[in-house]
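Working through the structure, step by step
Letter by letter, the chains look like this.
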Amino acid sequence: MPSAVSAENSSAAEAANEQKSDGEPTGGEEAPSERIEITAEQIDGGKFYVLEPVGLSVSVIGLGLTEPVRLLIGPHEGVHEVRQIVYDRPETCFKTCFSIHLDGQRLDEFSEFASVTGLKNGSTLKLIEEPYTLRDGKVHVRRVRELLSSSMVGSFGLAYGAGQSPSLLSIIMQADPEERLASRSVSKTEKESGINFMPPDYVLPPENDQEASAMHEPPLTPLLLNHQDPKAIQCIEDITYSSWNPPPGSRKLKGDLFYVDVVTLDGKKYCITASPAGFYVNRSDDSQFNPNPAKDPCKDYTLIGLLSQLIPSFRKNFALLTKSCVRENVIEQCPSPFTVNVWVARRQQHVKDSLRADDAVNLWSLIQSDELSGQAREWNEEIIQAREMQQTSLSKRIVRLRAMFKWTVEFVATTAKGSCLAVDGNIYPLNPTDEDKNLLYLWNNVFFSYGKDSNNIYQELGGDRAAHVNTANDLKGIDAFNKIDVTGIYTVGTVIVDYRGRRVVAQNVIPGLLRRSQSQEGLIKHGSADLGKTVSYCREFGKLLEEPAEKLRLKKHKVLNEKDEAVDMHLSADCKGIHGTDGRYYLIDLWHLFPPDVNFLDVPRITKCPVEESVPNSSDEDDKDDKLEEKEFPPFTFPRHKHRVHVLRPELISNFVRVRYFRYLKIAALQMAESQKVSHESKQSNADHVADEESDKAGPSNCNKELQEDASPPSVEDEKASVETGETHSSKELGEPAAAREEAPSVEAAHDNGFVTDEQADDTSKTESVLETCHSGQHSPDCSEPSSDSSTLPEVEGEEKIGRDVPEKEPLPPEQEKVNGEVVDFASDLLSESGGGEVNCAKEAKKKKFKFVTASEQGTLHSNDPQTEEALQAAAKLAGSSSENEFSILFNPDVYGTARTADSEEVTMADRLLVQEAADHILQDVIPKLIKGMESYTFVPTDGIALSILMQSRGINMRYLGKITSIVAANRQLAHIFQICVLEMIARGVKHVFRRYLHEASLQTTGSVVAHLLNCLLGSCDSSQSPVMADEQLYGSSKPKKKKSRKRGSGKPQQHNDKISSGAGVSGTVLNAVTRASLWQEVIDDACSYFGYPIDQCSNCQAAVDRYGFRRMSLLRLVCKKLGFQILLRDYDLANKKQPPFTDDDILDVVPIVKHVCPTAGDTSALCEGAQARMHAGQYAEALGILFEAMNIYQQVYGAIHEDLASVFRMLARIHFLMDDLPQAISFQKKAAIVFERALGVDHPDTIVAYVHLGLYCHSAGQISIALRLMYRARYLTLLLYGEGHPDLATFDVWYCLAWS
């Protein structure tokens, strides 16, 4: 999207293009300002081939712009997006009604620039004012009110109030390092100026052991710093729509659109008429309607211009307002696409704002009217149209991703708002007479339901607890299914919202799903709606599911329906297929998409057969010394939860298949080496025996004759035969048998992938070393870079099959090496463990005349030689393949499910064994490697959130947290990990317990309930007295009131009062019954029963702190983030034994916790990997070119605020730092820090890392004071998240000493 951010980065992209080598192809005489499309498929030996320009440089003039605005646009960007440039400029930010012209022709704003005739590089777009309509006039008034209302509340407070995380970087640094570098301000000047370098007291380590005890808590107020909002620049008192609206018919015919009342700062009131030509002051007042123009004519095209003429002080104040906004960083002003859970905030003064009031009233009116007919959005149709967009080029994929991301942002915002309205009781349910957990809602064409077992379907799996967990599993299944991106079958847009102890599932409506006349059984065409009791089968669905099932590594299996008939299932039988009334096929309930986790199920373990036990281990032989074995771990008994819906994560499935894939390669190489060795020895023995017999029969003359024949040049027929059999002239001179030479692998193959030659067959140690390299997926230096030799190219789908008597085709360019029709990214070849292994094996397979077929991360080898093919099939079987003829790992998700399987017992046992081995893979491979990485400080999480991300990215569910805790408990080196694990388990136990109490609390008592629960959890006061509740919260409960006559009362108000009284009574019971000891007993019991780790029983928080050493403030932060609590920013005395630390006034809000699926830009991920490879190779200029293109793609898809964009900024800063370009390094690292603050929060671990890197760059640039402030900030945040003793604190202290030195 063209914006100020895009214009700002255009110069950086041009600088990257200039840094490329002169010999680099440019693809034509395109202007250097054009943004060039660079993809990973176009990389060839470090150079970039330009296919086509994807950006044009144009100028925008008119509409009062002081100077032409240069803009980079893409062909698939909409013309209407030029409006953003107008809104970003201070002199035109209030202008809304205009058209865009090119060479005198008005452009259609709903079209794309690609369809604009005559648009070229250097064109000029002219903006022309247009007459107002009723809609345009109201849009203009709203824009003016937004600009003026922002002056009434500081921008710092608005960020929190809108669910946005602010940026504190400029406040932390207190100076701009870029400006200081430009003015050549150095550290010497800083020292001479007497700047105080001493750190604040709250970041200093304790001076003695007593102060270092658990009572020493970091203060909370520095989290948002001592920042005071700038003095509000108020331009006007109020702008509202006049009570004289709408204009009478006679005035409509004269052009009156509507009337606006304006109140100035000195109390004067004016009535303004909106007309097509603009705005003017009329003669109306509160008591008399006179629409004629005022005696002193005052009119202007814009409302801002009119007010500037009418009010003398308005022009000055509005100029100051726009100037103050322009001085801020552009990224600081851009709203983030998704709300950030800000757990602490200042209490904002509730000022009068008519715009906010109107929005609230309009929202309530919209709810009351239950959505006007025809105004609801068609969410399902919008997302399907976005998914069906073309993907034939990078630019089209960008447009598709941007449309999908825009839909996701708007859908998530709508569902979050609707979920809160449903829980608060502001939406009328579709089934008001049903039980509370069965209520269904329809708002803004979005379907809402609670995460409960509404129809008692999951009773045998755990009831409500199983239904609650299945919502998260369903979201994982939808995410995995969307990533494979198949056509013809669609998923449902789903968002999970946790709010006030309830879980709400919001989904877009499938056409025909809500028809009351059609039963659920009739809608479901494929799968089962009752856990396998009745199973439907649809042939069309079966055909459509073949491709996604193979990509998801799911096995086609048979289940029995209600008639005991065997039907085929590609996915789990619990995954339901629906044929919508729009003719499309949909999948819902993907909670059982992946196989179950048998470690948490009461199922018998299957013993492996001796043959399978003898298969080489999946781990690397060279890595045995560095890897922990399962037998070294302390004994651990996995808990049994109250549900049976544990499924493996898709990341684990990918990791398991990858390990099995390299295991297959290792076994295949061993089998082939042994087979070739035996064959070679046998054939050599037979040849020697025949030669001896012929030598005995023939004389010496015959021998000389044979030698002469061998020394003669080969004939044409011999050459032709040698080509067909793979022989060469030089090989004939060696005197080797043709059969042996035909089957012997090359030496390069052995080095790359472990295929052993005859010369290496006897050297067992060397062979095993090479095979282990192939098995581990770690490329040797010899095979890390792809060869440009055409013989190393893999077979391409559509070419002549290897082994036929046909000449080979011309080789493909090295930058487009295709395997089975799929382009293998060069960066993935260098960096991806699985992708690189497949590519190398594909190359060597072609050398060996094998056919190599890949399917994502798994592949198989085929050979035309029967003996070799038999060895490969045996290797696939020994590697645990699901197929007898080739390597293929496919899981049966219904193997331990409720659906009745119809496969044979042997097949069922094999499927169960494979699922069991996948679960054992977590214990035997994934967790040991994670622990080893923690021991080597490769993984250093700062808090439980970072630990959760680390575990889940490796396929480890959080239910294994107890297992990991038992491993690190006895390791003193991992004491910080042990503390984080225990704190995370307690926090999750608190979440489970608090959720039950919040579910029972009414809306008017939620604040008091939260405050009391926090007091019992964190306070030191022995009194169990509840916090004082406000009078308006008690009107339905404790105080007796005079009895009123019931004759006047109706049934409905009496029912409403009873409901409030009941809610207050429930909350009062909570407040009176829960104590510190009882709450901690519930929390510890819940954590122990869920995670299986025996946490010591603690009667209060102080006992837990003394036992495990964590900080109460760290626990408070985790609890607030997990439950959506927003508390007041102040220093809480948690050690006070006389009074509780929290009151109901400290609870500012309870915000929803939203979980959703977000589309990802796969092309950009490949570009970032390629840039990282270039950076490690020292090719900085080329890495910059790739990263600038990745940055442009991210900004087009995600906008200015996204964590992936921040990662690109961080990489750009690092490369500039390595190139000794410190100003650019600081500039990009500043952007990275700001985006991390806005997208993730001011206290997120990634934000801390961004501060540290920026401090490093500032220190290298001589900006010592700024570097120290950033290090102090990073140290404080680490203390808040963890406390003293974290390994990262040593790094901060070292840099602190270096800065002082």
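Quick caveat: nothing in here was measured; it's all calculated off a predicted structure.

A count of helical and extended segments in the protein chain gives 45 helices and 30 strands. When the 1301 residues of the protein chain are sorted by exposure, 53% land in the buried category. Long-range pairs, those at least 24 residues apart, make up 70% of the contacts in the protein chain with a sequence separation of at least 6. As presented, the protein chain carries roughly 59,400 Å² of accessible surface, and 50% of it is formed by carbon and sulfur atoms.

The next subject is unusual backbone geometry. For residues other than glycine, phi is negative in most cases, and the peptide bonds are mostly trans. A cis amide bond links Asn 245 to the next residue, Pro 246, at an omega of -5°. Among the structural elements, Pro 246 can be located in the loop between strand E8 (238-241) and helix H8 (249-252). Positioned with a positive phi, Tyr 937 is a non-glycine residue whose angle comes to about 60°. Residue classification places Tyr 937 among the partly exposed residues on the basis of a relative accessible area of 40%. With phi around 60°, Asp 1220 is a residue other than glycine that occupies positive phi space. Within the fold, Asp 1220 resides in the loop between helix H41 (1203-1218) and helix H42 (1222-1240).

Below, the discussion takes up the sheet that holds strand E23 (residues 585-588). Read across the open sheet, the 4 strands follow the order E16-E23-E22-E19; overall the sheet is mixed. Edge positions in the sheet fall to strand E16 (489-491) and strand E19 (524-526), since each has one partner strand and no second. Strand after strand, the sheet turns through a mean of 45° between neighbouring axes, direction not considered. Direction of pairing for E16 relative to E23: parallel, over a ladder of 3 bridges. Opposite Thr 491, over in E23, you have Leu 587 as the bridge partner.

As enumerated under the stated definition, the model contains 46 salt bridges in all. Among the salt bridges present, the one from Arg 900 reaches Asp 564, with a minimum N-O distance of 2.9 Å. Taken as a pair, Arg 900 in the loop between helix H29 (866-878) and helix H30 (905-935) and Asp 564 in the loop between strand E20 (557-560) and strand E21 (566-569) lie far apart in primary sequence, 336 residues in all. Classification of Arg 900 by relative accessible area gives partly exposed; the value is 37%. The class of Asp 564 is exposed, set by a relative accessible area of 51%. Through salt bridges with shared partners, one network takes in Arg 377, Glu 382, Lys 406 and Glu 410.

What follows covers the nonpolar core. In terms of nonpolar packing, the biggest core is built from 233 residues, with Leu 220, Phe 994, Leu 1115 and Ile 1127 touching the most fellow members. A per-element tally of this core places helix H33 (residues 975-1000) first, with 14 residues. Among the nonpolar cores identified, the runner-up in size contains 31 residues, and Ile 236, Ile 272, Ala 294 and Ile 304 belong to it.

With that settled, consider the packing of helix H32 (residues 961-968) against H33. For the pair H32 and H33, the least separation of the axes is 9 Å and the interaxial angle reads 150°. Classified by the interaxial angle, the pair formed by H32 and H33 is roughly antiparallel. Crossing of H32 over H33 shows left-handed handedness. Each of Leu 961, Gly 962, Ile 964, Thr 965 and Val 968 in H32 lies in contact with H33, whose residues at this interface are Ile 977, Phe 978, Cys 981, Val 982, Glu 984 and Met 985. A per-class count over the contact of H32 with H33 returns 8 nonpolar, 2 polar and 1 charged.

Moving on, we come to the sheet that holds strand E14 (residues 440-443). If you trace the 5 strands from one edge of the open sheet to the other, you get E14-E15-E18-E17-E30, paired in antiparallel fashion. The outermost strands of the open sheet, each flanked by one partner alone, are E14 and strand E30 (1153-1156). Going across the sheet, the axis of each strand differs from the next one's by a mean of 25°, ignoring polarity. Pairing between strand E17 (residues 494-499) and E30: 4 bridges, direction antiparallel. Looking at the pairing, Asp 498 lines up with Ile 1153 of E30. Contacting E14, strand E15 (446-450), E17, strand E18 (502-508) and E30, helix H14 (residues 394-423) runs over the sheet at an angle of about 40° to E17.

For the rest of this paragraph, the subject is the environment of Leu 950. Note on placement: Leu 950 falls in helix H31 (residues 944-953). Note on Leu 950: relative accessible area 12%, which makes it buried. Between the C-alpha atom of Leu 950 and that of Leu 930, which follows or precedes it by 20 residues, the distance is 8.9 Å. Once you skip the residues sitting within four places of it in the chain, Leu 950 turns out to touch Leu 930, Met 934, Phe 939 and Pro 941.

Here the focus is the pairing of strand E10 (residues 269-275). Most of E10 is tucked away: 5 of the 7 residues are buried. Hairpin geometry of strand E9 (residues 258-263) and E10 is characterised by an intervening segment of 5 residues between the two adjacent antiparallel strands and by a positive phi of about 95° at Gly 267. Between E10 and strand E11 (residues 278-281), which pair antiparallel in sequence order, lie 2 residues.

Looking now at the packing of aromatic side chains. Each aromatic ring pair is summarised here by two numbers: the centre-to-centre distance and the angle between the ring planes. Under the definition given, this model contains 34 aromatic pairs. Judged by centre distance (5.6 Å) and plane angle (70°), the rings of Tyr 259 and Phe 289 are edge-to-face. Remark: Phe 289 occurs in the loop between E11 and strand E12 (299-300) and Tyr 259 occurs in strand E9; sequence separation between them is 30 residues. Pairing Phe 1217 with Tyr 1257 gives two aromatic rings, centres 4.8 Å apart and planes at 35°, and the pair type is tilted. Taken together, the residues Phe 1217 in helix H41 and Tyr 1257 in helix H43 (residues 1245-1260) connect sequence positions 40 residues apart. Accessibility expressed as a relative area gives 24% for Phe 1217, which makes it partly exposed. On the basis of relative accessible area, Tyr 1257 is assigned to the buried category, the value being 4%. Clustering of aromatic rings is evident, with ring pairs tying together Phe 338, Phe 405, Tyr 1194 and Tyr 1198.

Topologically, Asn 892 is positioned in the loop between H29 and H30. The exposure class assigned to Asn 892 is buried, which follows from its relative accessible area of 3%. Among the polar contacts listed, one links the side chain of Asn 892 to the side chain of His 557, at a separation of 3.4 Å. The contact partners of Asn 892, leaving out residues within four places of it in the chain, are Lys 555, His 557, Asp 903, Asp 911 and Val 915.

Summarising the model, the protein chain shows a mean pLDDT of 76, and 70% of its residues fall at 70 or more. Here residues 1-53 scores under 50 on pLDDT; set against residues more than four positions off or in separate chains, the count is 120 contacts. Confidence over residues 1030-1065 falls short of pLDDT 50; this stretch has 17 contacts with residues more than four positions distant or in other chains.

Within the secondary structure, Gly 989 sits in helix H33. What makes Gly 989 buried here is its relative accessible area of 1%. Along the backbone, Gly 989 and Ile 1084 are 95 residues apart, and their C-alpha atoms lie at a distance of 6.9 Å. Beyond its immediate chain neighbours, meaning those up to four positions away, Gly 989 contacts Val 1083 and Asp 1086.

Residues separated by three or four positions in an α-helix point in the same direction, a consequence of the helix having 3.6 residues per turn. Helix length check: H42 (19 residues) gives 26 Å between terminal C-alpha atoms against 27 Å at 1.5 Å per residue, within 8%. In terms of burial, H42 is a largely internal element, 17 of the 19 residues being buried. Downstream of H42 by one or two residues, Gly 1241 has phi in the positive range, about 120°.

Basis of the calculations
- Residues numbered from 1 in each chain as written.
- Predicted model: local features only at pLDDT ≥ 70, side-chain atom pairs only at ≥ 80, totals over all residues.
- Heavy atoms only, no water.
- Helix = DSSP H or I, 4+ residues; strand = E, 2+ residues; numbered from the N terminus.
- Buried < 20%, exposed > 50% of the residue type's maximum accessible area, 1.4 Å probe, protein only.
- Contact = heavy atoms within 4.5 Å.
- Areas by Shrake-Rupley, 256 points an atom, 1.4 Å probe, with all protein chains shown as cover.
- Pairing = 2+ DSSP bridges.
- Axes fitted to C-alpha atoms, helices over the stretch in contact; angles between N-to-C directions.
- Salt bridge = Lys/Arg side-chain N within 4 Å of Asp/Glu carboxyl O.
- Core = buried A, V, L, I, M, F, W, Y, C linked by side-chain atoms within 4.5 Å.
- Parallel < 35°, antiparallel > 145°, perpendicular 65-115°, else oblique.
- Left-handed = near helix turned anticlockwise from the far one by under 90°.
- Nonpolar A, V, L, I, M, F, W, Y, C, P; charged D, E, K, R; others polar.
- Phe/Tyr/Trp six-rings, centres within 6.5 Å; stacked < 30°, edge-to-face > 60°.
- Polar contact = N/O pair within 3.5 Å; in protein donor to acceptor, adjacent residues only side chain to side chain.
- pLDDT = per-residue confidence, 0-100.
- Expected span 1.5 Å × (residues − 1).

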